[in-house]
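Chain by chain, the residues run as shown.
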Amino acid sequence: MAQTYDHQAVEAKWQAHWEQAGLFHIQEDPTTPKYYCLEMFPYPSGRIHMGHVRVYAIGDVVARYKTMRGFHVLHPMGWDAFGLPAENAAIEKGVHPNVWTRDNVAYMKRQLRRMGLSYDWDREVNTSQPDYYRWNQWIFIKMVERGLAYRKRSAVNWCPSCETVLANEQVLAQEGKDGGVCWRCESVVIQKELEQWFFRITHYAQELLDGCDQLTSWPARVLAMQRHWIGRSQGVEVDFPVADPRDGVAAIRIFTTRPDTIHGATFMSVAPESPLVEQLIEGRAEAAAVRAFVERVSRLDKATRTAVDREKEGIFTGAYAMNPFTQERIPIWVANFVLYEYGTGAIMAVPAHDQRDFEFAKQYDIPIRLVIQNPEATLVPDALDEAYVEQEQAGTLVNSDIFTGLSVAAAKHAIGEHVETQGWGTRTVNFRLRDWGISRQRYWGTPIPMLYCESCGLVPVPENQLPVLLPEDVPFTGKGGSPLKESPSFAKATCPTCGGTARRETDTMDTFVDSSWYFLRYCSPKDMTQPVNPEAAKHWMAVDQYVGGIEHAVLHLLYARFFTKVLRDLGLTTVDEPFVHLLTQGMVTKETYWCEEHRWVLPSDTKKEEGERLCAQCGKVIVTGRTEKMSKSKKNIASPEDLCDRYGADTARLFSLFAAPPEKDLEWSDTGVEGCSRFLNRVWRLVHEQLPVICEAHGKSGSDPSELLTGLQRVTHHTIQRVTADLERDFQFNTAIAALMEFVNQLYKLLKDYPAAALTVDERAGWREALECLLLLLAPFAPHLAEELWEAVGHTASLVRESWPSYNPESLVSAEWTIPIQVNGKLRSKISVSAGSSKDHIIAIAQSDTKLIEWLQGKTPRKVIYVEQKLVNFVI
RNA sequence: GCGAGAGUGGCGGAACUGGCAGACGCGCAAGACUUAGGAUCUUGUGGGUAAACCGUGGGGGUUCAAGUCCCCCCUCUCGCACCA
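Residues numbered from 1 in each chain as written. Chains lettered and ligands numbered in written order. Predicted model: local features only at pLDDT ≥ 70, side-chain atom pairs only at ≥ 80, totals over all residues. Heavy atoms only, no water.

**A few points about the overall build of chain A**
Point 1. Along the backbone of chain A there are 26 helices and 37 strands.
Point 2. Dimensions of chain A along its principal axes, counting C-alpha atoms only, are 110 × 85 × 65 Å.
Point 3. For chain A, restricting intrachain contacts to residue pairs at least 6 apart in sequence, the fraction spanning at least 24 positions comes to 72%.
Point 4. Here chain A has roughly 38,800 Å² of accessible surface; of this, 50% comes from carbon and sulfur atoms.
Point 5. Taking the average location of the 94 positive side-chain charges in chain A and that of its 112 negative ones, the two points are 2 Å from each other. (Helix = DSSP H or I, 4+ residues; strand = E, 2+ residues; numbered from the N terminus. Contact = heavy atoms within 4.5 Å. Areas by Shrake-Rupley, 256 points an atom, 1.4 Å probe, with all protein chains shown as cover. Lys, Arg positive; Asp, Glu negative; His and termini not counted. Charge placed at Lys NZ, Arg CZ, Asp CG, Glu CD.)

Right under this line is the structure:
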């Protein structure tokens, strides 16, 4: 018998078998419960990387496990196929994005097949194909009709490298960079004033926030990030009348969450972009200086200007407003930290109780008036070195007219009410969330199905003219601007309303639109009449288990939740939330190597000499860098293809699941991979060595169950229990696999201790049960090997159709208990008693234990603690 | 600063409701089988020569018993960062 099995042949054999038998093809089945298992679909960048291996291995174990548990499991796969790399390839290499994408999809699909993943490929979707993106357009038009898609001119994020607009969610913070950076290329993003299409995600802000409470099986940090991103603030809008009113500015409306501090407002601040500024300064002596300030501030990009450590800067407009509560004249300033897009773009400034206002007041010598007193330590206004920003529970109002003496909480309520009864304003709620800008000035995306007619204005493309196809005659120059403009055939159109000439919208949609509803499309991927078949969606939705990277915590996951609500309101689905359980898997990381001369180097370009790692080229000492996410530039990648060639898909899967809990980072280790490969070979040899034992039925029939038989049964059923519990409890794959390894170790021990020749018929049956359970339990993790051995032990049907084994609690019962004996809480001995022994009996046995007698030194224990089946503790 | 999470052997990591700390794997050591092996198998492996004792980031506390509960502190990772 070979000592290692031929994984190449075995894996190819079963992949072909599964496919030919159509074992992963799934249909609605009213007789069994459904389960929808989904992993985030990949962008077809060219090759599968280890991150893909990990996420798809996780998903596949879930899908296979749930299938064995009797669910009919929807486990689809597809391609998030629109995106910039395809277009860049067109610019650089002259290959059409469609061709580039198609080739990549074909290659990556082969790679995924090689991993033995249980996908229903009949449901494959590809977002770059008209049969998919036409429904983006359809949904877009429905959203236009409902006012959920609209066009507006505003300052937007612009990535100079990708030459396109980005949504707020796609601008990320990066250390060392002043501004935000592009999510894709990490270039610093700038601001541009443009007219663009937006999705009114803010319409669902409250529901998106409330929905977080239902998502109890999502990681806390993802929910925290979403809640923060949505950013709900409850407060009051108040009009501050302008002291000498001018045209169109009778009052300045502010938003505050701290109406309780309103008596302490000693000035106001307006955002530099606000049109109020010009209205306030016109004709004043201050006008020129203010304009210069605004000009200077607005040259900076927003992220820089609003960085928290940036100095507070401002300028007095010359105008005054009246605090409606105190009737005082307070100066109106323009301040760099006030955001035009948030609230009303203007604030009342309470330096005593807001840190920003405090710093501003200090700098410009504006009075600071204390209106909240700390009851525990009396604050002296002149001695403040920071604003007193107390919590709700502490603080009492002072210097606040009739509100003096109220608690902060009571004052918030009372003053809010007063504002409303006086007609000065209203209580209101503000969100941090902004509408989603979806226009992209790129080619490889969904054309926005809108027309600009000279006489009718904006006109949606009629439904029966969809899809608006991407034109082929587009030159890829890389010189920027929407490439669709360059198509001679595309831009010109006929207005469906008046028949006159119209111009097509030449921007395309953000690719995040595509991925915002693909999970719904999988329910009825071939429906040519609608994006989602409501019946199919009703059957399959919501996704029971979603698996993907944490990097989408606010991007894709927020957009997908939004789209689900939109499609629900269009009657296409009945669920409010798309994903019930969310597993965010960690990154795959690896050590990096740095050579002074050759920079980052591949492990294979280094050599080890006398315990030191040297550069193979120049012989210099290699510095071992940080363990980081695998990346080509850091040269710390491991190739899934090499891995499959050398060890096989089962080993690759097993290692990705074993080396770390799924949500944590996984540090790549070549020796760890070998360990997993060794384990699979051990399973292979174990089963083959025992084939004669389990396949031949000779031997006498035993009378009572032998020690071997009860041992086999106990370890078998105990393993079933452990593996099942580990999978049921948050998919603890690493400990489930550890349990399987222990199982195999124990079986080898029994193999050694009980020679095959002497076995009874019952014992042979016990061995068969043990080995078959091993294969069943192993099947979701290492499906090829499990199938091969399942066949070897005599089965003809695929393991895919087998049920998950259940354990018999009686088999777990051991004839003996081993009870640890403690003295004063420290382990001193262990005793063995027959199972079911009474407390008194166990204590008596313990007291006669020689080791214990030594430890007790003749003293009588003050107290004896006995925990059922757990331990005895003598306190002396 | 705010939010989330994490600190356990040489390493990755176990330890469900307080109850034998270190499962499983890697690495290491010794041995067996081998012409040989980086194959395979067996044994050992927290520190301490050793029993004692010490050990879960540090310091207190509760308890018969603490990695686990309570209080204080430190470090690291990730996310958000002037949102009024």
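Having seen the model, we can carry on.
**Considerations on the protein's contact with RNA strand B**
Point 1. Neighbouring RNA strand B are 56 residues; H228, S233, T257, Y342 and K830 lie closest to it.
Point 2. Each atom of RNA strand B within 4 Å of the protein was assigned to sugar, phosphate or base; sugar and phosphate come to 66%.
Point 3. Measuring from a sugar or linking oxygen of RNA strand B, one finds a side-chain N or O atom of R356 at 2.6 Å.
Point 4. At 3.2 Å from a phosphate oxygen of RNA strand B is found a side-chain nitrogen or oxygen belonging to N734.
Point 5. Listed by contribution, the elements that provide at least two residues to the surface near RNA strand B are helix 7 (220-230), strand 11 (249-256), helix 19 (670-695), helix 21 (733-753), strand 34 (816-823), strand 35 (826-834), strand 36 (863-867) and strand 37 (871-875). (Near = heavy atom within 4 Å. Polar contact = N/O pair within 3.5 Å; in protein donor to acceptor, adjacent residues only side chain to side chain.)

**Here we look at the pairing of strand 35**
Point 1. Sheet topology note: the strand 34/strand 35 ladder contains 8 bridges and is antiparallel. If you follow Q822 over to strand 35, its bridge partner there is L827. (Pairing = 2+ DSSP bridges.)

**Some points on helix 11 (residues 355-364)**
Point 1. Listed in full, the buried residues belonging to helix 11 are D357, F358, F360 and A361. The buried residues of helix 11 all sit within an arc of 165 degrees when viewed along its axis, so they share a single face.
Point 2. Its buried side turned inward, helix 11 meets strand 12 (267-270), strand 13 (314-322), strand 14 (329-335) and strand 15 (346-349).
Point 3. D365 sits one or two positions beyond helix 11 and adopts a positive phi of about 60 degrees. (Buried < 20%, exposed > 50% of the residue type's maximum accessible area, 1.4 Å probe, protein only. Arc of directions from axis to C-beta.)

**Focus on the nonpolar core**
The nonpolar side chains of a soluble globular protein tend to be buried with one another.
Point 1. Formed by 188 residues in total, the largest nonpolar core has its most connected members in W436 and W767.
Point 2. No other element matches helix 21, which puts 12 residues into this core.
Point 3. By size, the runner-up hydrophobic cluster in this structure holds 45 residues, among which are V236, L276, L379 and V408. (Core = buried A, V, L, I, M, F, W, Y, C linked by side-chain atoms within 4.5 Å.)

**Remarks on the sheet that holds strand 35**
Point 1. Read from one edge to the other, the open sheet built from 4 strands follows the order 35-34-37-36, with strand pairing classed as mixed. Two strands lie at the open edges of the sheet, namely strand 35 and strand 36, each paired on one side alone. Strand-to-strand twist in this sheet, taken as the mean axis angle between neighbours without regard to direction, amounts to 20 degrees.
Point 2. Two strands pair when backbone bridges link them, and strand 36 and strand 37 are joined in this way by 5 bridges, in the antiparallel orientation. Within the sheet, the bridge partner assigned to K863 lies in strand 37 and is V875. (Axes fitted to C-alpha atoms, helices over the stretch in contact; angles between N-to-C directions.)

**Here we look at the side chain of Q732**
Point 1. Topologically, Q732 is positioned in the loop between helix 20 (707-728) and helix 21.
Point 2. Relative accessible area serves as the criterion here: at 17%, Q732 is assigned to the buried category.
Point 3. When sequence neighbours within four positions are dropped, the list of residues in contact with Q732 reads D726 and L727.

**Topic: the packing of aromatic side chains**
Point 1. For the structure on display, the rule yields 44 aromatic pairs.
Point 2. When the ring of Y150 is compared with that of F198, the centres are 5.8 Å apart and the planes differ by 20 degrees; the resulting orientation is stacked. With a gap of 48 residues between them, Y150 in strand 5 (residues 149-159) and F198 in strand 9 (residues 190-199) connect regions that are remote in the sequence. When sorted by exposure, Y150 lands in the same class as F198, which is buried.
Point 3. Ring-pair connections join several aromatic residues into one group, and the members of that group are F140, W183, W197, F199, Y204, W436, F512, Y559, F562 and F563.
Point 4. Lying over the aromatic face of W855, R828 brings its terminal NZ or CZ to 3.6 Å of the ring centre. (Phe/Tyr/Trp six-rings, centres within 6.5 Å; stacked < 30°, edge-to-face > 60°. Lys NZ or Arg CZ within 6 Å of the ring centre and 35° of its normal.)

**Concerning the packing of helix 2 (residues 50-68) against helix 18 (residues 649-658)**
Point 1. Remark: helix 2 packs on helix 18, axes separated minimally by 9 Å, with the N-to-C direction vectors making an angle of 95 degrees. By the angle class used here, helix 2 and helix 18 are roughly perpendicular. Mapping the contact onto sequence places V53, R54, A57, I58, D60, V61 and R64 in helix 2 and A652, R653, S656 and L657 in helix 18.
Point 2. Class assignment of the residues belonging to the contact of helix 2 with helix 18 gives a composition of 6 nonpolar, 1 polar and 4 charged. (Parallel < 35°, antiparallel > 145°, perpendicular 65-115°, else oblique. Nonpolar A, V, L, I, M, F, W, Y, C, P; charged D, E, K, R; others polar.)

**Quick notes on the packing of helix 20 against helix 21**
Point 1. At a closest axis distance of 8 Å, the pairing of helix 20 and helix 21 adopts a crossing angle of 170 degrees. Looking at the two axes, helix 20 sits roughly antiparallel to helix 21. Only F733, T735, A736, A739, L740, E742, F743, Q746, L747 and L750 of helix 21 make contact with helix 20, whose side of the interface consists of L708, G711, L712, V715, T716, T719, R722, V723, D726 and L727.
Point 2. Split into classes, the residues belonging to the contact of helix 20 with helix 21 amount to 12 nonpolar, 5 polar and 3 charged.

**Re the sheet that holds strand 24 (residues 501-504)**
Strands in a sheet are paired, the pairing made by backbone hydrogen bonds, and the direction either parallel or antiparallel.
Point 1. Pairing is antiparallel in the open sheet, where 4 strands are placed in the order 22-21-24-23. Here the strands that pair on one side only, and so sit at the sheet edges, are strand 22 (457-460) and strand 23 (492-494). Neighbour-to-neighbour, the strand axes of the sheet open up by a mean angle of 40 degrees, direction not taken into account.
Point 2. In this structure, strand 21 (residues 450-453) lies alongside strand 24, joined through 3 bridges in antiparallel fashion. Bridge pairing in strand 24 links Y452 to R503.

**Focus: the side chain of S516**
Point 1. Mapped onto the fold, S516 is located in the loop between helix 13 (511-514) and helix 14 (518-521).
Point 2. For S516, the side chain forms a polar contact with the main-chain oxygen of F512, separated by 2.6 Å.
Point 3. Excluding residues that lie within four positions of it along the chain, S516 makes contacts with W436, Y559, A560 and F563.

**Here we look at helix 19**
Point 1. Under the 1.5 Å per step criterion, the end-to-end length of helix 19 is 37 Å for 26 residues, consistent within 8% with the ideal 38 Å.
Point 2. Of all the bends found along helix 19, the most pronounced is centred on E689 and spans about 35 degrees, while P692, a proline, follows it within four residues. (Expected span 1.5 Å × (residues − 1). Bend = angle between axes of the 7 residues up to and from the residue.)

**Quick look at the environment of R146**
Point 1. Counting through the fold element by element, R146 comes out in the loop between helix 5 (130-145) and strand 5.
Point 2. Between the alpha carbons of R146 and L570 there is a distance of 9.7 Å; along the sequence they are 424 residues apart.
Point 3. Setting aside residues up to four positions removed in sequence, R146 forms contacts with D569 and L570.

**Quick notes on the environment of C676**
Point 1. Mapping C676 onto the fold places it in helix 19.
Point 2. Remark: the alpha-carbon pair of C676 and W790, spanning 114 residues in sequence, is separated by 20 Å.
Point 3. Excluding anything up to four places from it in sequence, C676 contacts T651, L654, F655 and F658.

**Section: the pairing of strand 24**
Point 1. Only one face of strand 24 is buried, namely the one carrying A502 and R504, since none of T501 and R503 on the opposite face is buried.
Point 2. Pairing analysis gives 3 bridges linking strand 23 to strand 24, with the strands arranged antiparallel. Residue pairing for strand 24: T494 is matched across the bridge by T501.

**Overview of unusual backbone geometry**
Point 1. A cis amide bond links L466 with the next residue in sequence, P467, at an omega value of 0 degrees.
Point 2. Among the secondary structure elements, P467 is positioned in the loop between strand 22 and strand 23.
Point 3. For the bond from M541 to A542, the omega torsion is 0 degrees, close enough to zero to count as cis.
Point 4. In this fold, A542 is placed in the loop between helix 15 (534-540) and strand 26 (543-549).
Point 5. Unlike most non-glycine residues, D730 shows phi in positive territory, near 60 degrees.
Point 6. Here D730 lies in the loop between helix 20 and helix 21.
Point 7. For D730, a relative accessible area of 60% puts it in the exposed group.
Point 8. With a phi close to 65 degrees, Q869 is a non-glycine residue in the positive phi region.
Point 9. Mapped onto the elements, Q869 comes out in the loop between strand 36 and strand 37.

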